[in-house]
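# Descriptive structure summary
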Amino acid sequence: MNDPAAHQAAEKAARESYGRLLAILSTRTHDIAASEDALADAFARALERWPADGIPDQPDAWLLSVARHRKLDAWRHSRVQDQATQTLLLLAGEMDEASAEGTAVPDERLRLLFVCAHPAIDAAARAPLMLQTVLGLDAARMAGAFLTAPSTLGQRLVRAKARIRAAGIPFEYPEARDLPQRLQDVLDGIYAAYGTGWDDVDGADALPRGLTSEAIDLGRILCHLMPNEPEPLGLRALMLFCESRAAARRSETGAYVPLDQQDTLRWDPDLLAEAERCLRLASEMKSLGAYQLEAAIQSAHCERRVGAPVAPEVLVSLYEGLLALRPSIGAQVSRACALANARGPDIGLRALEAIPSDEVASYQPFWAARAHLLAAGGARGAARQAYDRAIGLSSNAAVRSYLGAMADRL
């Protein structure tokens, strides 16, 4: 039976509740892979039953109940009966505590983020594991964000889930002494989620479209959970500054609009004000971190809204401070662009060329920046080649069209 309302309800639940459901399913067994299978079956069952039976009053609770029964069935048929016995009892007890229709599903996403940040898990797998388990992204969708082949990333994720199960990593918040290391990974995971949704400027997929809102929501929860930590506030400010400009990223005809050409009247003043409050609160704690510096850079860009663009040398200093705290390819490329604005395209190009070539071979922002600076310096042939490279590395139709127009002007 084809029921659009039932399909929309299932899609909404997947978009808004996947991470919460997976966290609850995984808490007792520590088996994320099995929980993912059970949840996938529950969604498939929903698409079968909801058109005929109607959408339940509590879709999340319905899905959780079906997924738990699916896990029970899987454990009953497992050959490892000694391991299954206690798990069965625990899962059965959970289902006795709350009925499928009457109990709201709690938010366990942050707990699962901290599980994914456990030091026993390979550092390179932590942030992508968060995106997959909490937000439901697959390796192919995430690979570009981590400059990694989908097959390599997929293998890391499989190993990470097996590690959680084998080591019996507890599903709990870390102790105070373990907080700094785990917190940094959680912040990185939330920001990676935001960046994945932000990059989806075309908005073709409902899930990525909702990632920015979900990441900001997680950032707010983290700030409430850790009110004395400045970096969650810095990250929250950074995301809010970026989100305030979301409506201005496309023209009325749908064309991509770069930051320096955006109509500042389309920026959201409420989000900007909230971002400034978060950044101010973080700075009052007098413990500077990378996310606070990134937020400060965005705040400087947003000064254009009140007619006070930041001095180019100030941006250079901010990026140099960011590189001193936490080096990254993205920060190096951004610093080169700031140098070009402050001291000329030749200086910016030299900064770009200082980055190891193997690290930027597939990094689209590097080639877009290089093309722009070459064009500004009059090297049209080389600029066209760089534009072609940037276009080939971009998966976004609007960005490709913008870069193509820039190349055509040469």
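Bear in mind the structure is a predicted one, so any value in this text is a computation, not a measurement.

## Let's talk about the packing of helix H18 (residues 364-376) against helix H19 (residues 380-393)
Packing of H18 against H19 leaves a shortest axis separation of 8 Å and a crossing angle of 155°. Of the possible angle classes, the one that applies to H18 and H19 is roughly antiparallel. Considering the relative orientation of H18 and H19, their crossing is left-handed. For the pair H18 and H19, the contacting residues are Gln364, Trp367, Ala368, Arg370, Ala371, His372, Leu374 and Ala375 in the first and Ala382, Ala383, Ala386, Tyr387, Arg389, Ala390 and Leu393 in the second.

## Side note on the nonpolar core
By size, the foremost hydrophobic cluster in this structure holds 73 residues, and its most contacted members are Leu63, Ile190 and Leu222. Per-element accounting of this core gives the leading share, 10 residues, to helix H1 (residues 4-29). Setting aside residues no more than four positions away along its own chain, Ile190 makes contact with Leu113, Ala215, Leu218, Gly219, Leu222, Leu235 and Met239. Counting residues in each nonpolar core, the second largest holds 40 residues, with Ala300, Val316, Ala336 and Met406 among its members.

## Brief notes about the pattern of salt bridges
Tallied over the full model, the rule gives 10 salt bridges. Ionic pairing is found between Asp188 and Arg326, a salt bridge with its closest N-O pair at 2.4 Å. Here the residue Asp188 occupies a position in helix H9 (residues 179-199), and Arg326 occupies one in the loop between helix H14 (312-325) and helix H15 (329-343), the gap between them amounting to 138 residues. Residue Arg326 is classed as partly exposed on the basis of its relative accessible area, which comes to 33%. One salt bridge connects Arg343 with Glu313, and the closest N-O pair in it is separated by 3.0 Å. Pair noted here: Arg343 is in helix H15 and Glu313 is in helix H14, with a separation of 30 residues, a long-range link. Overall, Glu313 belongs to the partly exposed group, its relative accessible area being 36%. Counted as one network, the salt bridges with shared partners bring together Arg220, Arg236 and Glu274.

## Focus: helix H5 (residues 109-116)
A large share of H5 lies buried, amounting to seven of its eight residues. All buried positions along H5 are accounted for by Arg109, Leu110, Leu112, Leu113, Phe114, Val115 and Cys116.

## Brief notes about the environment of Ala376
Mapped onto the fold, Ala376 is located in helix H18. Separated by 31 residues in the primary sequence, Ala376 and Pro345 have C-alpha atoms spaced 6.4 Å apart.

## With respect to the packing of helix H11 (residues 230-244) against helix H13 (residues 290-302)
Relative orientation of the contacting elements H11 and H13 amounts to 30°, with a least axis distance of 8 Å. In terms of axis orientation, H11 runs roughly parallel to H13. Here H11 runs over H13; the crossing is left-handed. Two secondary-structure elements touch here, H11 through Pro230, Glu231, Gly234, Leu235, Ala237, Leu238, Phe241 and Cys242 and H13 through Ala290, Tyr291, Gln292, Glu294, Ala295, Gln298, Ser299 and Cys302. Here the contact of H11 with H13 is composed, by residue class, of 10 nonpolar, four polar and two charged.

## Quick notes on the state of the cysteines
Taken as a whole and judged by the stated rule, the model has zero disulfides. Cysteine Cys242 shares no disulfide, and the gap to the nearest cysteine sulfur, in Cys302, comes to 8.0 Å. Among the residues examined, Cys242 registers a relative accessible area of 8% and is labelled buried. Unpaired in terms of disulfides, Cys278 finds its nearest cysteine sulfur in Cys223, a separation of 5.9 Å.

## A word on the packing of aromatic side chains
Using the criterion set out here, one finds four aromatic pairs in the structure. Relative to Trp62, the ring of Trp50 lies with its centre 5.4 Å away and its plane at 70°, an arrangement referred to as edge-to-face. Of the two residues, Trp50 sits in helix H2 (residues 32-53) while Trp62 sits in helix H3 (residues 59-76), which places them 12 residues apart along the sequence. A relative accessible area of 1% means that Trp50 is categorised as buried. When its relative accessible area of 16% is taken as the criterion, Trp62 is described as buried. Relative to Trp367, the ring of Phe366 lies with its centre 5.1 Å away and its plane at 85°, an arrangement referred to as edge-to-face. For the pair Phe366 and Trp367, a shared accessibility class is recorded, and that class is buried.

Criteria and thresholds
- Residues numbered from 1 in each chain as written.
- Predicted model: local features only at pLDDT ≥ 70, side-chain atom pairs only at ≥ 80, totals over all residues.
- Heavy atoms only, no water.
- Axes fitted to C-alpha atoms, helices over the stretch in contact; angles between N-to-C directions.
- Helix = DSSP H or I, 4+ residues; strand = E, 2+ residues; numbered from the N terminus.
- Parallel < 35°, antiparallel > 145°, perpendicular 65-115°, else oblique.
- Left-handed = near helix turned anticlockwise from the far one by under 90°.
- Contact = heavy atoms within 4.5 Å.
- Core = buried A, V, L, I, M, F, W, Y, C linked by side-chain atoms within 4.5 Å.
- Buried < 20%, exposed > 50% of the residue type's maximum accessible area, 1.4 Å probe, protein only.
- Salt bridge = Lys/Arg side-chain N within 4 Å of Asp/Glu carboxyl O.
- Nonpolar A, V, L, I, M, F, W, Y, C, P; charged D, E, K, R; others polar.
- Disulfide = S-S within 2.5 Å.
- Phe/Tyr/Trp six-rings, centres within 6.5 Å; stacked < 30°, edge-to-face > 60°.

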